[in-house]
Structure formats: C-alpha cells, structure tokens
Amino acid sequence: MIKLLIRFCLGGGRTVLQYGLCLLVVLAGVTNSADISQPYLIGRGISDITGPSYGVQMWGFGREDQLTEGLHIRQRSRAFVIVQADEPANRLVFVSADLGSIEHHITLAVIDQLELRYGNTYSINNVILSATHTHAGPGGYWHSRSNLGLEGGFYPAHFSAIVNGITTSIISAHDDLQPGAIHLGKGNLNNGGANRSVPAYMENPQIERDQHLENTPIEMTLLKFSDDSGDIGILNWHALHPTAMNYYNRLISGDHKGYASLQMEKMRGTTYSDKNDFVAAFAQADPGDVTPNTNLDNTGPGATDVETTQIMGDRQLQVALSLFENAREALSGPIETRQMYIDLSDYAVDDKFTGAGSQTTCPSAYGYSFAGGSTEDGGGHFLFEEGMTEQRMWLDVLIGWLTGAPKWTEKVKACQAPKAILFETGSGQPPLQSQIRSVTLARIGQLVILAMPTEITTMAGRRLRTAVMNELGDWAQHIAVAGYSNGYAGYVTTPEEYLLQHYEGGHTLHGRWTLPAYRQIASQLASALETDSAVTPTMAYDDWRGKSFETTLHSGAISPPPEGSHYGDPLSSNRSEYRKGETIVTEFWSSNPSASYVTGNNYMLVEIKTPTGWQIVVSDNDWDTTVRWRQKRGSFIAKLSWHTPIDVAAGEYRITHQGQDALSNVFIGISDKIQIN
Ligand SMILES: [Zn+2]
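The domain architecture assigned to the protein consists of domain 1 (2-37), domain 2 (40-341), domain 3 (343-424) and domain 4 (577-676). Centre-to-centre separation of domain 2 and domain 4, based on C-alpha positions: 28 Å. Contact with domain 2, which involves 21 residues of that partner, is made by 14 residues of domain 4. Contributions of two or more residues to the side of domain 2 that touches domain 4 are made by strand 2 (70-71), helix 4 (156-175) and helix 7 (255-267). Among the elements that line the side of domain 2 that touches domain 4, the one with the most residues is helix 4, at 3 residues. Among the residues forming the side of domain 2 that touches domain 4, the class breakdown is 12 nonpolar, 6 polar and 3 charged.

In structure tokens, the structure reads:
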C-alpha cells in the first residue's frame, strides 16, 4: 500500500511542489496508520535454563527416588516484553519457563537484576514469571526455611542458573523492542485432557455445572506477535497438567508444553542462538484438576509416557498453529498492571465471596490426601489416599518420627476442617513456608491476564474469571489465567470441592476459603484497574535469600575415567553400522554433569559428512535424541541416543559428546564413523 502511494506521487506530470505535498500527505497517513496498526513495542527472547542433569530430585511428584539421569529436551525461558507505544512507561514482562514452579525468590532475584540494568523500568508490579509446571525438571531451587529437607534441598548453583537464564531472556526481549502488533485468537481442544477429580467437581452446584458442557477448561487463548520483520512469536495459555512424563522418568523434559514449543520453533527455524529466533511459548493456565493421562490410571493415549507427551503436545500444537494462521482480533488500548502481596495465613474474606458470612483463611497446611497424591496421575505414598478426612494418631506419630515435622495444632486443624493434617507449615516463627502470596492483574488492550501462584481447578478458574470480569468495563473482552506465576502456593479448589479432600483439596494450603480469598483479591485488583487507582502496598515479602540452608550441587562422584581412558573417549563397544529408522547409541567416558553444571551448552551433536565438511543434523535439544549418564565404579559413562527418522539421509555420520571435567575444563569426544544405510 505504502509503496503504491509513493509510486503514485512519483508518477509523471507533477511539479516539485505537488510532488512534495503528495509525499507529505502520504507519509502523514502512513505514520498515523502505523500508530494504529502498531500500538505496542514488542520484544521476545529465549534462553536455556536446563537444570542439573544428574542426581537431583525432580520437582513435582515428590519422590526421593526420582533423580535426574540425563536430558531429553532442554528447559527454556521464553520472554516477551510488551510496551504501550504512546506511553512507554506502561509495560509488561511475561515469561513462560519450563519449570515445575517459580519460587518467589526467583522473581525477586530476576527483578533485582533488571533493576541494576534498567532502574525502575521493571518491578514486581509489571513482571510475571510463569512456570509451565513440568514434572520432568530438577528441583533444589527452593529457599528452605527449615532443615527438614521438605523442599528437596537448596542448590545455589541451580537457583542462579534459573535466575540468570530468565533474566537473559528478558534482556533479549527488552533489546528486541520494536513497533509491532498483537493479534488474539481463541480455539478449543476437544481431547486435550480429562478431569482427574470428577467426584470433587460434582460437588459444585448443579446449576453452575449446567452452564458448562465440559468439566475441564478446553479453551486455548493465543497471542500472535508481529513487527516489520514479520511474525516473531506466539504466547498461548491452555490448561493441562504436565504429568504426561511419569514419576519413573529420569530425563529432563518440558513435557507436552516443552514438546509443543520445540516443534513450533523448529517449524519456524529457531536456532536458540539468534536474536531473531521465533519464540513459541505454550504457557500454563488453570489445570488444577486436568490430567493428560486421559485413561485416569496414569496412562494416556500413547503406548508410553513419552508417546503421551508427544500426542498431548501435538494436540496443543495443532490448535496453536490454526490460531496462529487465523488470529484476526488486533489488541489495542493501554497496558496496565496491578500487583498485591497478601498474607494468607489469616486473611478476612467477605460474605460477598464466601456466601457463608465473613470467614478467614488459615495458616498453611498439607492434608493426608496430599500425600495420597492424585490416583489418576500415579498416586503418592501407599499409607495415604485421596479423600482422607480423619486424623489418625499412629500416622501422625509416624510422620513426626520420619520427617521431624512439628505436630499440628488444634487451632489450625479446626480452621482447615475437614482436612486431616499431614504437615502444618504456616504457623511457626518463622513458618516453614512463606504465607505471603503475590497476585498480579495485567491488561493489554482488551485482554486481561490474572497471574496467580497456584494450581487452580476448573470450576475455581471459572469463578476467578467471573470475579475479575464483573469489575471491568466493556473494554475487557478476554481473560487468561496464568497459574504458577511469581510463586508457588499449592492448589485452589472451590469450597465445595475442598470438603471432599481429593488430592487437590488436600493441597489447598490455606483452607476452605482459599478460593474466595483469591476472588476477593482479584476483584480488588480489577476494581483498581477499572477505576484507574493505585494499589497501595501493605506488606513486603519475607525475603529468605542468604538465610537458607545451602547444599553443594551434587557432591557425588567426580572420579575420572578408569586408568588408560580419558574424558570423551568413545567406548569400544559402539556399533558402526545402522539402518534408517534404527536408534543409534554411542557411549563415552564422561563426567558428572551436575558437578560441573553449566547451561547453554550441548552435550550431544550429530553431524553428517558432506563434501564441504561436517554439518550438524541434531543436538541434545531434539526430540529424537537423549543423553543419559550412569556410573561404573565411580566413573561416568554418557550414553547418547539418536532415534533416526525413517527418511534420514544415508551417509557417514559422527556423534560428538561435550562435557566438562571437575576443574571445568571442556572435553570433546568424537565417535568413530557411523554408517547409515
Ligand atoms: Zn500440579
């Protein structure tokens, strides 16, 4: 269009004056239309936050025997910075990170780093870090408030790697800011998950259930970002628990969300090293009771957990691709954010939100049914099961003896009724867990994003959306709930679901009135947004950085290879000939990847010989590759596998293994030649 108009001006038969005027008119029009069609400055960034790959307990299933052994796909931090073009102080950072949870100190540390660089441009008020909630990533990034080891230990090296990785992705996004447009699309996934706590869901009033055909949130909301260079990324929210990878898995993975991101980025040519890389964030929403294990027996549509991960990822990917093609609704209007800290150990909730008079929330406590785990997602400890509401003395004695956790108090038990209390974590001085929660409401044009530090069940999510939308004017057309954001505070069920004490109710930390409390908070934030009033901070976070009991990241064996071998030497048992479609396996003498922990590296490269030299085919980030370590008499062996596609090019290949020894010296091992026929 612009080119056409300029050609019109340059057309013959005009005086210099006419020509100048014509160009002025055209360019004025162009500037104006550019403002309207590009109301935002947008930047994107992506960086590696892959955790320590060996010997660290994975976050999510809480099983001490689920220690990392290697890598399937890398964990990434995907960041977007969105700025209101005509009011650049108004901006929002949204990060979706392949992590089980965002411990609040991660948010604080990232903001500290941003403040050092950008002053007060970014703060707790406009930064949302959201975890995809993968259960296939290592833990150990929690600041511990006790030496009970309930959080699985604190490894400063892992914490720093996450903070630095997320910060790097935000800095990239900031540096990438340029005028652009955001288009929104919505669509449904009809086989994208199943409700894993139907009996609890059925406790909600029939009149409310009748308003919905489904007992899970099936919608995906997608934002498509573009600038003058074309499409630069997507961000979508869809509710599905990343528990497709099971508790017996030992390889790091972003689960189905990580898979979907990886595939879409691959389609768009993302290299993970170029600042113009397309970023595809499949963020988490409110999947509190939504499982990918649709058979409800810890299995899904795939023959294995890896296959179920792929299938559930593909289903999200297909909807995302279609929304990406068809997203038509341009977002326009201000960017605004409101954030609040609340102490939920004793928070008064109005009758308007409880429907049962004034009530208060409780100091946090886990129920027996938390230990029972979600039966549909693999269950928990054999002594416990979902639905337990009766306190058993012998269990309490056993728990105290095994874990050293303090005994529950009558006061908290009464407040948390009918929860049978496993751990009371909210009443000590200081409490075992922070009681201060952060909630953010952000606006981008006609979309609002409610960011909460919790796992929200289907019906609870609906009530939260209503609480927010009730306060907002007609400008508010869409709402996305971003769970697992800026903290982790267990589940949120409805008060009705809570009474049944399914796993989700047993893990609703602040008692029966937890949801009404969050609805009240969300409603206050929405009202502040609508009336253009500020939210006055009433408290700061109880910052535990520097006060935590620290553990050295994997102090385990760092023994060198046996006499006569060196780091990176391929083992002599490696095969040298394969057929297309076979899985190529090569083994190398290696080091403990957690003892010399780095991110942004590659443990594995597959290369093909070409007339011009070796060319990379896949790396350790590909879905078809895995790296797995094992110990042999104290030395480490890395097993690199590549499941070759059936249409792989025949030829000569080699596989490279790269690692670091205990002194952080990089070693590179190259396999003998591998022939694929
Ligand atoms: Zn969960």
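Back to the write-up after that little detour.
Attention now goes to helix 4. The end-to-end C-alpha separation of helix 4 is 28 Å, in line with the 28 Å expected for 20 residues at 1.5 Å each. Within helix 4, 14 of the 20 residues are buried, which leaves it mostly tucked inside the rest of the structure.

Take the packing of helix 3 (residues 104-118) against helix 4 next. Direction vectors running N to C along helix 3 and helix 4 enclose 50°, while the axes themselves pass 9 Å from each other. For the element pair helix 3 / helix 4, the angle class is oblique. For the pair helix 3 and helix 4, the crossing hand works out as right-handed. For the pair helix 3 and helix 4, the contacting residues are Ile106, Ala109, Val110, Gln113 and Leu114 in the first and Ile162, Val163, Ile166, Thr167 and Ile170 in the second. Among the residues forming the contact of helix 3 with helix 4, the class breakdown is 8 nonpolar, 2 polar and no charged.

Quick look at the pairing of strand 28 (residues 625-632) now. Of the pairings in the sheet, the one linking strand 2 to strand 28 comprises 2 bridges and is antiparallel in character. When the bridges of strand 28 are listed, Leu71 appears paired with Val627. Sheet analysis places strand 28 next to strand 29 (residues 635-643), joined by 8 bridges and oriented antiparallel. Bridging from a neighbouring strand, Val627 pairs with Leu640 of strand 29. Between strand 28 and strand 29, which follow one another and run antiparallel, lie 2 residues, and Arg633 among them has a positive phi close to 45°.

Moving on, we come to unusual backbone geometry. Residue Pro418 is reached from Ala417 by a cis peptide bond, and omega for that bond is 5°. Note that Pro418 resides in the loop between helix 12 (410-416) and strand 18 (421-424). With omega at -5°, the peptide bond leading from Gln429 into Pro430 counts as cis. Mapping Pro430 onto the fold places it in the loop between strand 18 and strand 19 (436-444). The residue Tyr272 is not glycine, and still its phi comes out positive at about 65°. Tracing the chain through its elements places Tyr272 in the loop between helix 7 and strand 11 (279-284). Accessibility expressed as a C-beta count within 10 Å gives 16 for Tyr272, which makes it partly exposed.

As a further point, take the packing of helix 13 (residues 458-469) against helix 16 (residues 514-530). The interhelical angle for the contact between helix 13 and helix 16, taken along N-to-C directions, is 30°, at an axis separation of 8 Å. Classed by the angle they form, the pair helix 13 and helix 16 counts as roughly parallel. For the pair helix 13 and helix 16, the crossing hand works out as right-handed. The segment helix 13 lies against helix 16, with Ala460, Arg463, Leu464, Ala467 and Val468 engaging Leu515, Tyr518, Arg519, Ala522, Ser523 and Ala526. Split into classes, the residues belonging to the contact of helix 13 with helix 16 amount to 8 nonpolar, 1 polar and 2 charged.

What counts and what doesn't
Residues numbered from 1 in each chain as written. Predicted model: local features only at pLDDT ≥ 70, side-chain atom pairs only at ≥ 80, totals over all residues. Domains from an automatic or database assignment. Contact = placed C-beta atoms within 7 Å. Helix = DSSP H or I, 4+ residues; strand = E, 2+ residues; numbered from the N terminus. Nonpolar A, V, L, I, M, F, W, Y, C, P; charged D, E, K, R; others polar. Expected span 1.5 Å × (residues − 1). Buried ≥ 20, exposed ≤ 12 C-beta atoms within 10 Å, placed from the backbone. Axes fitted to C-alpha atoms, helices over the stretch in contact; angles between N-to-C directions. Parallel < 35°, antiparallel > 145°, perpendicular 65-115°, else oblique. Left-handed = near helix turned anticlockwise from the far one by under 90°. Pairing = 2+ DSSP bridges.

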